[in-house]
Amino acid sequence: MSTSKPSHSGMRVTEVEEFLRNPPDGFSVEVLCSGCRVHSDPENSLVLIDDFDSCIGKTVFPKSLGRKVKMQNLWEYTSMRKSLLSKRIHLLMSACEGTNEARVLKQFVVSIDGNDPIIKWQMERGLDWTISSVWGESYRVDIDLTEPLERWAAKNNHIITDKLIKVQPVWRDASFTLKYYSDALFDFPHWFGFSKRKFNLRLT
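Position labels on residues start from 1 in each chain and follow its written sequence. In keeping with the predicted nature of the model, local features appear solely for residues at pLDDT of at least 70, side-chain atom pairs appear and are counted solely at 80 or more, and the whole-chain, interface and lining totals rest on all residues. Calculation of side-chain values draws on the structure's entire complement of heavy atoms; hydrogens and water are dropped beforehand.

Moving on, we get to the layout of surface pockets. By volume, the largest pocket amounts to about 260 Å³. Residues are called lining when one of their atoms sits within 4 Å of a cavity or pocket point, these points coming from a 1 Å grid over the protein atoms alone, where a cavity is a set in which a 1.4 Å probe fits but cannot get out and a pocket is an open set with protein on both sides within 12 Å along at least five of seven lines. If you trace the largest pocket, you find 17 residues lining it, with Leu46, Leu65, Ser79, Met80 and Ser83 closest to the centre. Mapped onto the lining of the largest pocket, the elements with two or more residues apiece are strand E4 (45-47), strand E7 (68-71) and helix H2 (74-84). Helix numbering and strand numbering both begin at the N terminus, where a helix is a DSSP run of H or I of at least 4 residues and a strand a DSSP run of E of at least 2. Per-element accounting of the lining of the largest pocket gives the leading share, five residues, to H2. Residues are grouped as follows: nonpolar covers Ala, Val, Leu, Ile, Met, Phe, Trp, Tyr, Cys and Pro; charged covers Asp, Glu, Lys and Arg; every other residue, Gly included, is treated as polar. Across the lining of the largest pocket, the residue classes tally to eight nonpolar, four polar and five charged. Size it by volume and the second largest pocket reaches roughly 220 Å³. For the lining of the second largest pocket, the secondary structure elements donating two or more residues are strand E1 (11-15), strand E8 (88-97) and strand E9 (103-113). Grid points are joined across faces, edges and corners, and a volume is the space filled by probe spheres set on the points.

Looking now at the packing of aromatic side chains. Side-chain rings of Phe, Tyr and Trp, where Trp is taken by its six-membered ring, are said to pair if the distance between their centres is within 6.5 Å; with planes under 30 degrees apart they count as stacked, over 60 as edge-to-face, and otherwise as tilted. A complete count under the given rule lists eight aromatic pairs for this structure. Plain terms: the ring middles of Phe19 and Phe27 are 5.3 Å apart, the flat faces sit at 70° to each other, and that makes the pair edge-to-face. With 5.9 Å between their ring centres and 50° between their planes, Phe108 and Trp171 make a pair best called tilted. In this pair, Phe108 sits in strand E9 while Trp171 sits in strand E11 (residues 170-172), placing the two residues 63 residues apart along the sequence. Comparing Phe108 with Trp171, the two get one shared label, buried. Pairwise contacts between aromatic rings join Phe19, Phe27, Phe52 and Phe61 into one cluster. The classification of residues rests on relative accessible area computed with a 1.4 Å probe and restricted to protein chains. Under 20% of the type maximum is buried, over 50% is exposed, and intermediate values are partly exposed.

Here we take up the pairing of strand E2 (residues 27-31). In the sheet, E2 pairs with strand E3 (residues 35-40) via five bridges, with the strands oriented antiparallel. Bridge pairing in E3 places Glu30 opposite Arg37. At least two DSSP bridges between two strands are required for those strands to pair. Remark: three residues form the turn of the hairpin made by E2 and E3, two consecutive strands paired antiparallel.

What follows concerns the nonpolar core. Residues enter a nonpolar core if they are buried and are Ala, Val, Leu, Ile, Met, Phe, Trp, Tyr or Cys, with the set joined through side-chain atoms within 4.5 Å. Leu84, Phe108, Met123, Trp152, Trp171 and Leu178 are the most contacted members of the largest nonpolar core, which has 38 residues in total. Setting aside its immediate chain neighbours within four residues, Leu178 contacts Val69, Met71, Met80, Leu84, Leu127, Tyr139, Arg140, Val141 and Ile143. In this analysis, two residues are considered to be in contact whenever any of their non-hydrogen atoms come within 4.5 Å of each other.

This brings us to the pairing of E8. Taken across its ten residues, E8 has nine buried, putting it largely inside the fold. Bridge count between E4 and E8: three bridges; the pairing is parallel. Bridge pairing in E8 places Val47 opposite His90. As paired strands, E8 and E9 are joined by ten bridges and run antiparallel to one another. By the bridge assignment, Ala95 is partnered in E9 with Lys106. In terms of strand pairing, E8 meets E11 through three bridges, oriented antiparallel. Bridge pairing in E11 places Cys96 opposite Val170.

Okay, here's the thing in structure tokens:
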């Protein structure tokens, strides 16, 4: 099995190869000479995946906003917030072996349901906390999924590696980033790195 039973109704973890071979509803794969192009339905899915190399070559998601999303004004922030709280969010994450992420064991497409009550509540609370703590200047916020991935890995170690010895994977790219740029003339907190924020998503 390449796709695990979801550890929570709001999160699904699928091996990249399985995702490309049998794309879920709302996705289709166009095979090219140099790789593939993965089409998605922006009405229901928010894809935050950068281009990457897979077993069939360079893999591109044309509708993806990328792992680091830039917002220049209130309208863009409002639109992004609405998508985060209503759509299924898709990310690419790697399970690695070694403390320095030396070797990638497998890559997965991880999707979380932004409309799931637990996830939605945490996302709203985290975004509101971020805005209230930066006083209107530019800011960066990282939204981290390490904890639910570690819980999933503990139950699905056979999917990550075929070794008989249990491996504790280190997760690479287990977060995505929102960057908001204000039009403040002297944005000192942002310039000096004081407006970086982070919050963790938990599924229980």
